[in-house]
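Structural overview
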Amino acid sequence: MSSAPRYPPRNVPAPPGRRSGDNQPRNNANVRRGLSSVNASALSEDERDRDTPDPSSKEQQQQTSQGPSKPAKTVKGQFQSTALLTNPRMKVEKAVVNELLLVCGVIGSTTDDKTNKIVPVTDCLNWLQDLQRALRRDDDTYRPISLLLGKWKVVSQKLLPLVWSCRYDTPLVLTIVKILVILTKPLSAAAKKAGRLVIDVKSGKVPEDVIQGQIKLRDNALEQNEMLVDYKRTFVHHPSHIAKSKSGKGGPGAKKIPQRAR
């Protein structure tokens, strides 16, 4: 049997420690000198790379020293103003609006033409309790449900006439009084602050979206205040006071009781 060739053919490169066609290994000292020269050149290149400044690192240092850029603040302000403009707490859901329409339409829907008084329905107390529960779910800061009932004139056209016609029905009158207490609550601290808000329109430093959000908050607070004033005016100038004054049982036209002599 013929033994395999001991040395690689000419077209195949020889191992690094041997020369092609030679059985003697290369001098190790020469190999070490070559490796040391290669390492020295590599180290010199690394030192050159360290000495040369990197422009990208300088830019990053300048950005960190200067702090966040102005567009980031603008985006943040726009986000806050958009949240104010689209605040769901300032609106009444459609399902709640439909429920309020049903309740306000049912209570005292029948009127007596002879006495001009509202006659309550059979389960009027249950409907009034539903209205009370809806008002308890109202937001304390913006009060969208209370404002909606104020626009519908529910107090002057429904609740007070019911009290006048059903004044001997204690549970019904107490429920109406509870509803009136919720409707006439004082303004919250946030609403008072929004009502006194000074809006910077002329300087041009405040974004337009922020200005619109501030205007919306202030209008909401002023509308709540106007609603409370309207309720006080309704209580004071209610027709029942005029009827009492005309009949002589009370009011300005009633007889004055003489004071006890001291």
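Preceding this paragraph is the structure being described.
Residues numbered from 1 in each chain as written. Predicted model: local features only at pLDDT ≥ 70, side-chain atom pairs only at ≥ 80, totals over all residues. Heavy atoms only, no water.

What follows deals with the packing of helix 7 (residues 154-165) against helix 10 (residues 208-236). In the contact formed by helix 7 and helix 10, the axes pass within 11 Å of each other and the chain directions differ by 45°. Regarding the angle of helix 7 to helix 10, the classification is oblique. Of the two possible hands of crossing, helix 7 and helix 10 adopt the one that is right-handed. For the pair formed by helix 7 and helix 10, the contact residues are Val155, Ser156 and Leu160 on the first element and Tyr231, Thr234 and Phe235 on the second. When the residues that make up the contact of helix 7 with helix 10 are grouped by side-chain class, the tally is four nonpolar, two polar and no charged. (Axes fitted to C-alpha atoms, helices over the stretch in contact; angles between N-to-C directions. Helix = DSSP H or I, 4+ residues; strand = E, 2+ residues; numbered from the N terminus. Parallel < 35°, antiparallel > 145°, perpendicular 65-115°, else oblique. Left-handed = near helix turned anticlockwise from the far one by under 90°. Contact = heavy atoms within 4.5 Å. Nonpolar A, V, L, I, M, F, W, Y, C, P; charged D, E, K, R; others polar.)

Once that is clear, we can look at the side chain of Arg143. Positionally, Arg143 belongs in the loop between helix 5 (124-136) and helix 6 (144-151). One buried charged residue, Arg143, remains without a salt bridge, the closest side chain of opposite sign being Asp140 at 5.8 Å. Within the local environment of Arg143, its side chain forms a polar contact with the backbone oxygen of Pro186, the two atoms lying 2.4 Å apart. (Buried < 20%, exposed > 50% of the residue type's maximum accessible area, 1.4 Å probe, protein only. Lys, Arg positive; Asp, Glu negative; His and termini not counted. Salt bridge = Lys/Arg side-chain N within 4 Å of Asp/Glu carboxyl O. Polar contact = N/O pair within 3.5 Å; in protein donor to acceptor, adjacent residues only side chain to side chain.)

Contact geometry of helix 4 (residues 94-106) with helix 6 gives a least axis separation of 12 Å together with a crossing angle of 40°. The pairing of helix 4 with helix 6 is recorded here as oblique in orientation. Both helix 4 and helix 6 take part in a crossing whose hand is right-handed. Residues Val96, Val97, Leu100 and Cys104 of helix 4 form the contact with helix 6, whose own contacting residues are Ile145, Leu148 and Leu149.

With that settled, the discussion passes to the nonpolar core. Core analysis: the largest hydrophobic core is formed by 30 residues, its most contacted members being Leu128, Leu149 and Leu159. For this core, the secondary-structure elements that each account for two or more residues are helix 4, helix 5, helix 6, helix 7, helix 8 (170-183) and helix 10. Listed in part, the eight residues of the second largest apolar core include Ala191, Ala194, Leu217 and Ala221. (Core = buried A, V, L, I, M, F, W, Y, C linked by side-chain atoms within 4.5 Å.)

All we've got here are geometric facts, nothing functional implied.
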